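As a plain string of letters, each chain reads:
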Amino acid sequence: MSQAPESAFHRWQGRPVVILGLSKTGEAVARYLQAFGADVFLSERSEPGPDAAALRDRLQAFGCAVETGAHSEQCLSHAPLMIVSPGIPPHAEILQRAAAAGIEIISEVELAARENRLSRRLPIAAVTGSNGKTTTTTLIARLLADSGQRVVACGNIGLPMISCLGDNALEALVVELSSAQLAFSPTFQATVAAFMNLTPDHINWHGSLAAYEAAKRRLFTGEQVPTWAVVNADDPASLRWQADLPEQTLWFSRRDPHLGQKRAHAAFLTADGQFVFQRDDCPQPLGLSAADLKLKGAHNHENALAALSVAFLMHAAGTNTTGQTFARTCREFSGVAHRIEPAGEITRLHAGGVTRIACYNDSKATNTDAAIQALRAFSPQRTILIAGGRPKEEPLEGFVEAIQTHAAAVTLLGEAQPRFQRALNEAGYSAVYPCDTLERALDKAIALSQGEPILFSPACASFDQYQNFEHRGDVFKALIAQRQATPTPDAQPDRARPSCL
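Note that the structure is a prediction, hence the values are computed from the model and not measured. (Residues numbered from 1 in each chain as written. Predicted model: local features only at pLDDT ≥ 70, side-chain atom pairs only at ≥ 80, totals over all residues. Heavy atoms only, no water.)

Got a minute to help me understand the nonpolar core in this structure?
Within soluble globular proteins, side chains that are nonpolar generally end up buried alongside one another. Trp 12, Leu 33, Met 161, Leu 173, Phe 188 and Phe 220 are the most contacted members of the largest nonpolar core, which totals 58 residues. Residue contributions to this core peak at five residues, all from helix H2 (residues 24-35). In contact with Phe 188, other than residues within four places in its own chain, are Val 109, Glu 110, Ala 113, Ile 124, Ala 126, Met 161, Leu 177, Leu 219 and Gln 224. With 53 residues, the next largest nonpolar core counts Tyr 360, Ala 365, Ala 370 and Leu 455 among its residues. (Core = buried A, V, L, I, M, F, W, Y, C linked by side-chain atoms within 4.5 Å. Buried < 20%, exposed > 50% of the residue type's maximum accessible area, 1.4 Å probe, protein only. Helix = DSSP H or I, 4+ residues; strand = E, 2+ residues; numbered from the N terminus. Contact = heavy atoms within 4.5 Å.)

So this is what it looks like as structure tokens:
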């Protein structure tokens, strides 16, 4: 006889817990635990601004103890369990001291996974990787919902996983997982876990590329091995891990039309671009081609393959009807905000008539690999690229090569501007225009365009000037909207002119 789920009130009544970080994640955890009677102490190192101060007041009114301005000794004395927000890196002094004191440190998604195992027992589809997570997570949720399952997309996508456990109508969770979340998730186990790719990212947070890869890898190997793993056959990291992957691993590839002959479980594009899902050596053409997708770029073919694979494996009864439903959903799916998102068209007036310039917001491109994929998505058309922000410690050779091949000109801004410009100039690329604001970078891009689309794909973090990549993308879209209201007069652009400062 199976054991009845344990009451959350029984688990948490009077139990002390420390939460680090006054954020959306911290608030969700605090509200969940406080509702079940936990003794919650929340600590935020920074002094709160107006919004955070209001959040602090709400949590205090809810019954939580909240400190701001520093992590006091009470963080180490209040409880043997600490739940950490993903913005706090492992090398932070408070975490180092907590670990030395024997305090258990976990993430919000780890807490949610434990709670789910003890109460809801919902199946979990999890998605991780350097790029493509949000698009894939969103598409999985759409595929499952359109096939009749009641699901929600949560995790790193914006909605804390812990907030979803109170929805009794849900039948499954689709969770986007960042490396920061996985680093503090020692027992998180998915029903189906998908790995997209690995490129250098978040090195400052993890301390090394090896630590970053290890955080991603833990979702697929060892005690956390999922029932099914869905991994990218085109990515070297997947091949490094394959000896440790579960027997039930489905490989996907947009590059290898013969993958189905090599793997019993596979999803791939045929030579003529048709999507095929294969399980137990039984291929199922979906009646869906790469040309049918609204999403731009070959990397989105990869995202669709991963999403379809997870959805088929999560679906209780896969049938031909299910395949038809999934194909229709993929045809209709137009993507996610801030990911090569159409941001409108600007009209520039000139003596010869008008030039219409399509603009795209790819603010989510917070590393060079994401920007490379965005540039390639427009091939063979060249773009006017707007890039820059707070740089990451990444090699620039591939980024420079992609710009040389796919960008007619580049406007640069932010802290990355000097390094990017130097790398481009050293490679012999001279159509580089440093700017001091996004507004000036956009105006310069408009002046430079001879009909080429403008692509805002920063290849950098947003934190030098913006709250996050969403804020940055919203500002860009607002600038586009302002310029749509009034056609831009021709500035007779000179692509040899080097600056818009």
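After presenting the structure, the write-up continues.
Which parts of the structure should I look at to understand the sheet that holds strand S3 (residues 65-68)?
Strand-to-strand pairing in sheets goes through backbone hydrogen bonds, with the strands running parallel or antiparallel. Here we have five strands laid out as an open sheet, ordered S3-S2-S1-S4-S5, and parallel in their pairing. Two strands in the sheet have a free side with no partner beyond their single neighbour: S3 and strand S5 (104-107). Here the strands of the sheet are splayed against their neighbours by 20° on average, with no regard to which way each runs. (Pairing = 2+ DSSP bridges. Axes fitted to C-alpha atoms, helices over the stretch in contact; angles between N-to-C directions.)

How should the sheet that holds strand S14 (residues 282-289) be read in this particular structure?
Reading across from one edge, S7-S8-S6-S9-S10-S11-S12-S13-S14 is the order of the nine strands in this open sheet, with mixed pairing throughout. Looking along the sheet, the strands with just one partner apiece sit at the ends: strand S7 (151-155) and S14. Pairwise comparison of adjacent strand axes, ignoring direction, gives a mean angle of 15° for this sheet. Here three bridges tie strand S11 (residues 249-253) to strand S12 (residues 266-269), and the two strands are oriented parallel to one another. Across the sheet, Trp 251 pairs through a bridge with Ala 266, a residue of S12. Across the sheet, helix H7 (residues 133-146) touches strand S6 (124-128), S7 and strand S8 (172-176), and the angle it forms with S8 is around 165°. Lying over the sheet, helix H13 (residues 298-314) contacts S6, S8, strand S9 (192-195), strand S10 (228-232), S11, S12, strand S13 (274-279) and S14, oriented at roughly 35° with respect to S13.

How should I be thinking about the packing of aromatic side chains in this particular structure?
Working definition: an aromatic ring pair is given by the centre-to-centre distance plus the angle between the planes. Enumeration over the complete set of coordinates arrives at 10 aromatic pairs. Look at Phe 277 and Phe 312: their rings are 4.3 Å apart centre to centre, the planes differ by 15°, and that puts the pair in the stacked class. With Phe 277 in strand S13 and Phe 312 in helix H13, the pair connects residues that are 35 residues apart, well separated along the chain. For Phe 277, a relative accessible area of 7% puts it in the buried group. A residue is classified by how much of its surface remains accessible, and Phe 312, at 5% relative accessible area, is buried. Pairwise contacts between aromatic rings join Phe 9, Tyr 32 and Phe 36 into one cluster. Sitting above the plane of the Trp 251 ring, Arg 263 keeps its charged end 3.9 Å from the centroid. Of note, Lys 364 hangs over the ring of Phe 469, and the distance from its end group to the ring centre comes to 5.4 Å. (Phe/Tyr/Trp six-rings, centres within 6.5 Å; stacked < 30°, edge-to-face > 60°. Lys NZ or Arg CZ within 6 Å of the ring centre and 35° of its normal.)

Honestly, helix H19 (residues 469-485) in this entry has me stumped. Any pointers?
Helical periodicity: at 3.6 residues per turn, an α-helix aligns residues three or four positions apart in one direction. Compared with an ideal rise of 1.5 Å per residue, which puts 17 residues at 24 Å, H19 spans 25 Å between its outermost C-alpha atoms and is within 8% of the ideal. Taken as a whole, H19 has its buried residues at Phe 469, Arg 472, Gly 473, Phe 476, Leu 479, Ile 480 and Arg 483. Relative to the axis of H19, the buried residues are bounded by an arc of 120° and lie together on one face. Each element contacted by the buried residues of H19 is listed here: strand S15 (341-350), strand S16 (353-361), strand S17 (383-388), helix H18 (438-448) and strand S20 (454-456). Capping the start of H19 is the job of one residue whose side-chain oxygen sits 3.2 Å from the backbone nitrogen of Glu 470: Asn 468. (Expected span 1.5 Å × (residues − 1). Arc of directions from axis to C-beta. Polar contact = N/O pair within 3.5 Å; in protein donor to acceptor, adjacent residues only side chain to side chain.)

Mind showing me how you'd approach the pairing of S17 here?
The side chains of a regular strand alternate between the sheet's two faces. Of all six residues in S17, six are buried; the element is thus mostly enclosed. Here S17 shows no split at all, with Thr 383, Leu 385 and Ala 387 on one side and Ile 384, Ile 386 and Gly 388 on the other all buried. Pairing analysis gives six bridges linking S17 to strand S18 (residues 407-413), with the strands arranged parallel. Residue pairing in the sheet places Ile 386 in a bridge with Thr 411 of S18. With helix H16 (residues 397-406) bridging S17 and its parallel neighbour S18, the resulting β-α-β unit is right-handed. By the bridge criterion, three bridges tie S17 to S20 in an arrangement that is parallel. Along S20, the bridge assignment pairs Ile 384 with Ile 454. (Right-handed = clockwise from strand over helix to strand, strands pointing away.)

Help me understand the packing of H7 against H13 in this model?
A pair of packed helices is captured by two measures, namely the crossing angle of their axes and the spacing between those axes. Here H7 crosses H13 at 40°, and the two axes come no closer than 9 Å. On the basis of the axis angle, H7 is oblique to H13. When the axes of H7 and H13 are compared, the crossing they make is right-handed. Here Thr 135, Thr 136, Leu 139, Ile 140, Leu 143 and Leu 144 of H7 come into contact with H13, specifically with Asn 300, Asn 303, Ala 304, Ala 306, Ala 307, Leu 308, Val 310, Ala 311 and Met 314. Residue classes in the contact of H7 with H13 are distributed as 11 nonpolar, four polar and no charged. (Parallel < 35°, antiparallel > 145°, perpendicular 65-115°, else oblique. Left-handed = near helix turned anticlockwise from the far one by under 90°. Nonpolar A, V, L, I, M, F, W, Y, C, P; charged D, E, K, R; others polar.)

Hey, could you run me through helix H3 (residues 50-62) in this one?
With 13 residues, H3 should cover 18 Å at 1.5 Å per step; its first-to-last C-alpha distance of 18 Å lies within 8% of that length. For H3, every residue scored as buried is listed here: Ala 53, Leu 55 and Leu 59. Viewed end-on, H3 has its buried residues packed into an arc of 160°, placing them on one side of the element. Relative to its buried face, H3 has exposed residues pointing more than 90 degrees away, namely Pro 50 and Ala 61.

Where do I start with the pairing of S10 in this structure?
Of all five residues in S10, five are buried, a share of seventy percent or more. Pairing geometry for S10 and S11, over four bridges, is parallel. Across the sheet, Ala 229 pairs through a bridge with Thr 249, a residue of S11. What joins S10 to S11 is helix H11 (residues 236-241), and the crossover it makes is right-handed.

Got a minute to help me understand the environment of Arg 114 in this structure?
Relative to the elements of secondary structure, Arg 114 occurs in helix H6 (residues 108-120). In this structure the C-alpha to C-alpha distance between Arg 114 and Phe 188, which are 74 residues apart in sequence, comes to 7.5 Å. Once residues lying within four places of it in the same chain are set aside, the contact partners of Arg 114 are Glu 104, Ile 106, Pro 186 and Thr 187.

Honestly, the environment of Gly 132 in this entry has me stumped. Any pointers?
Positionally, Gly 132 belongs in the loop between S6 and H7. For the pair Gly 132 and Asn 197, spaced 65 residues apart in sequence, the C-alpha to C-alpha distance is 8.2 Å.

What should I look at first to understand the packing of H18 against H19 in this one?
Between H18 and H19, the least distance of the axes is 10 Å, while the angle of their chain directions is 50°. Compared by their axis directions, H18 and H19 come out oblique. For the pair H18 and H19, the sense of crossing is right-handed. In this structure, H18 contributes Leu 438, Glu 439, Leu 442, Asp 443 and Ile 446 to the contact, and H19 contributes Arg 472, Val 475, Phe 476, Leu 479, Ile 480 and Arg 483. Across the contact of H18 with H19, the residue classes break down as seven nonpolar, no polar and four charged.

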